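# Observations on the model geometry
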There are 2 protein chains.
Amino acid sequence: MPTTPGPAEPIEPTTPRGRRERPAKPALTRVGIVATAVALTRSEGLERVTMRRLAKELDTGPASLYVYVANTAALHAAVLDELLGEIDLRPARTGGDWRERLVRILSSYTTVLFRNPALARSALVTRPSGPHYLELLEAVLALLAEGGVPDDRAAWGVDALLQFGTATAAEQSARDAAPHAQDEHDALTAAVRNASPQAFPRLTALGTELFTGTGEDRLTWGFHVLINGLSKTARPDRTATT
Amino acid sequence: MPTTPGPAEPIEPTTPRGRRERPAKPALTRVGIVATAVALTRSEGLERVTMRRLAKELDTGPASLYVYVANTAALHAAVLDELLGEIDLRPARTGGDWRERLVRILSSYTTVLFRNPALARSALVTRPSGPHYLELLEAVLALLAEGGVPDDRAAWGVDALLQFGTATAAEQSARDAAPHAQDEHDALTAAVRNASPQAFPRLTALGTELFTGTGEDRLTWGFHVLINGLSKTARPDRTATT
DNA sequence: ACCTGAACACCGTTCAAGT
DNA sequence: ACCTGAACACCGTTCAAGT
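Residues numbered from 1 in each chain as written. Chains lettered and ligands numbered in written order. Predicted model: local features only at pLDDT ≥ 70, side-chain atom pairs only at ≥ 80, totals over all residues. Heavy atoms only, no water.

## Re the overall build of chain A
Helices and strands together make up the secondary structure of chain A, namely eleven helices and zero strands. When the 242 residues of chain A are sorted by exposure, 48% land in the buried category. Within chain A, residue pairs in contact and separated by at least 24 positions form 67% of the contacts whose partners lie at least 6 positions apart. (Helix = DSSP H or I, 4+ residues; strand = E, 2+ residues; numbered from the N terminus. Buried < 20%, exposed > 50% of the residue type's maximum accessible area, 1.4 Å probe, protein only. Contact = heavy atoms within 4.5 Å.)

## Let's talk about helix α7 (residues 131-146) of chain B
Compared with the 22 Å implied by 1.5 Å per residue over 16 residues, the 23 Å span of α7 of chain B between its first and last C-alpha is a close match. Three or more residues of α7 of chain B are buried, namely Tyr133, Leu134, Leu136, Leu137, Glu138, Ala139, Val140, Leu141, Leu143 and Leu144 of chain B. (Expected span 1.5 Å × (residues − 1).)

## A look at the relation of the copies chain A and chain B
Take chain A, turn it by 180°, move it 0.0 Å along the axis, and it overlays chain B with an RMSD of 0.0 Å. Here the two chains are linked by the operation of a two-fold rotation axis. No C-alpha of chain A approaches the rotation axis more nearly than that of glycine 229 of chain A, which lies at 1.9 Å. Interface residue correspondence from chain A to chain B reaches 100%, placing this contact among same-surface, isologous pairings. (Least-squares fit on C-alpha atoms with pLDDT ≥ 70 in both.)

## Concerning the environment of leucine 113 of chain A
All names here are of chain A. With respect to the secondary-structure elements, leucine 113 resides in helix α5 (residues 98-115). As for leucine 113 and leucine 80, which are separated by 33 residues in sequence, their C-alpha atoms are 8.7 Å apart. The contact partners of leucine 113, leaving out residues within four places of it in the chain, are Leu80, Leu119, Ala120, Thr166 and Ala169.

## Topic: the domain arrangement of chain A
Interfaces are often described in size by the accessible area the parts lose on coming together. All names here are of chain A. The domain architecture assigned to chain A consists of domain 1 (26-83) and domain 2 (89-232). Centre-to-centre separation of domain 1 and domain 2, based on C-alpha positions: 28 Å. Listed by partner, the interface residues are eleven residues for domain 1 and 14 residues for domain 2. For the pair domain 1 and domain 2, the summed buried area comes to about 1000 Å², and 67% of that belongs to carbon and sulfur atoms. Where domain 1 touches domain 2, the interface holds zero salt bridges. Ranked by residues supplied to the side of domain 1 that touches domain 2, first place goes to helix α4 (residues 72-83) with eight residues. By residue class, the composition of the side of domain 1 that touches domain 2 is six nonpolar, two polar and three charged. (Domains from an automatic or database assignment. Buried area = accessible area lost by both parts, 1.4 Å probe. Salt bridge = Lys/Arg side-chain N within 4 Å of Asp/Glu carboxyl O. Nonpolar A, V, L, I, M, F, W, Y, C, P; charged D, E, K, R; others polar.)

## Observations regarding the pattern of salt bridges
Two side chains with opposite charge may pair up if their charged atoms get near one another. All names here are of chain A. All chains considered together, the criterion is met by 24 salt bridges over all chains. Note that arginine 90 is salt-bridged to aspartate 88, the shortest N-O span being 2.8 Å. Judged by relative accessible area, which is 28%, aspartate 88 ranks as partly exposed. Within the structure, one salt-bridge network assembled from shared partners comprises Glu44, Arg48, Arg53 and Glu57.

## Re the side chain of threonine 168 of chain B
Looking at the element boundaries, threonine 168 of chain B is found in helix α8 (residues 151-177). Apart from residues no more than four positions distant in its own chain, threonine 168 of chain B is found in contact with Gln163 of chain A together with Leu219 of chain B.

## Considerations on the protein's contact with DNA strand D
As a structural note, the neighbourhood of DNA strand D is formed by 15 residues, with Ala63 and Ser64 of chain A together with Thr50, Arg52 and Tyr66 of chain B the closest of them. Each atom of DNA strand D within 4 Å of the protein belongs either to a base or to sugar and phosphate, the latter forming 53%. In the model, a phosphate oxygen of DNA strand D is placed 3.4 Å from a nitrogen or oxygen of the tyrosine 68 of chain A side chain. The side chain of tyrosine 66 of chain B places a nitrogen or oxygen atom 2.8 Å from a phosphate oxygen of DNA strand D. Listed by contribution, the elements that provide at least two residues to the surface near DNA strand D are α3 (62-65) of chain A together with α2 (51-57) and α3 (62-65) of chain B. When residues of the surface near DNA strand D are assigned to their parent elements, the largest contribution, three residues, is made by α2 of chain B. Grouping the amino acids of the surface near DNA strand D by side-chain chemistry returns seven nonpolar, five polar and three charged. (Near = heavy atom within 4 Å. Polar contact = N/O pair within 3.5 Å; in protein donor to acceptor, adjacent residues only side chain to side chain.)

The following block contains the structure:
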């Protein structure tokens, strides 16, 4: 028993030099704050990454964080870009069908968002602009160019593709997070089942067909729909074309 | 002066029959609660439609609302379906190009969400299942059928189309609501402008082209991309086809 | 049986006052 | 100059206790 800790600091071991070993309270920096926020996101989800909770984690008051982070949205955006580093961008540089490789990258993006329920919702509202997001944009644009998609369509298309992934993740992940989400789904299926065939002929004809398929199949199919549509759909005249 | 109100009820006029005239505190019902929530949404936006704020509006405590509404998400879903009644579904029944008519309906849907910033975000997380949503589904499905889109693709496609509208509204509306949203956009444009052409050749080549176009043009174009893609993209084999 | 006051456990953000 | 305690103005949800 090297030290006899007093009641005030029960689990605070010291090095031989007497300095604190456990990084319980390092100097506050933006980098450190974001790193702690990322760790907290991984362990408890972005919902728990509030200014107050994060301040507690950093052993300070919430006001102190505002010296380094403008607000909660900015904090979440920083966490998002950090996690975007997990995307597998290798398909951008391998050989093979460009569509398949593009879908693989987009799926990787969506998977990252899937792992963090609230992250996708945050991504939809606050567009990221960090280095990892730029790399993602570049990779998608490179594959669209490889596929011969005209520049002006690619410029708008990259947004549509990423938005589809983000929205799907936001939607699906809500289903996991919220306890009533299953009920809501059942509410819609029930509503469709009980709908009158006279008033809703198409809806009742399709019935459960509307709800078939795994999230992954629907996601992949949606990406292909967008990619194929992109190749077929010119941008409106109104906007000047390069 | 028919009555001399005591200090407890200063502005409570009475009818000749002595009943309260101002509907300040009608009996609580689910319908009444939702109607008040809709009014509050129109006047102050969905952000302000909290259980506590709504209770105040209804002159009661928040706990009382839980007798009629399961939780805040359910309340917002009820408000959403009510507002979905504003969608102009007439193009479903007129003549003309089915694609244009479909886009018109989808745009009308998106416009409703645009008017209520937080509503779109709520729609993304909590799928509505009320009568107005069913009517929207039916209208979209009818037009897809008219266009010869196979049933199995229409079943998945209706979701993709509505999701695109919802996500676009959620994104755009956030730009209006949040004070820092413009900064974020600038942050991304600045990041693109400052990106190295060696590391980001495609991104820097496109540059500002990425951010051109009005929200409306991009929305309409996106709908057309999806519709065209729908006609070209078969569903995966794995899933049984009707 | 029906309703709700009061409490529990949180939030984001600001700013005056400290070091 | 830099940091932060304390306050302001809110949240959702529950449940014991009232009528």
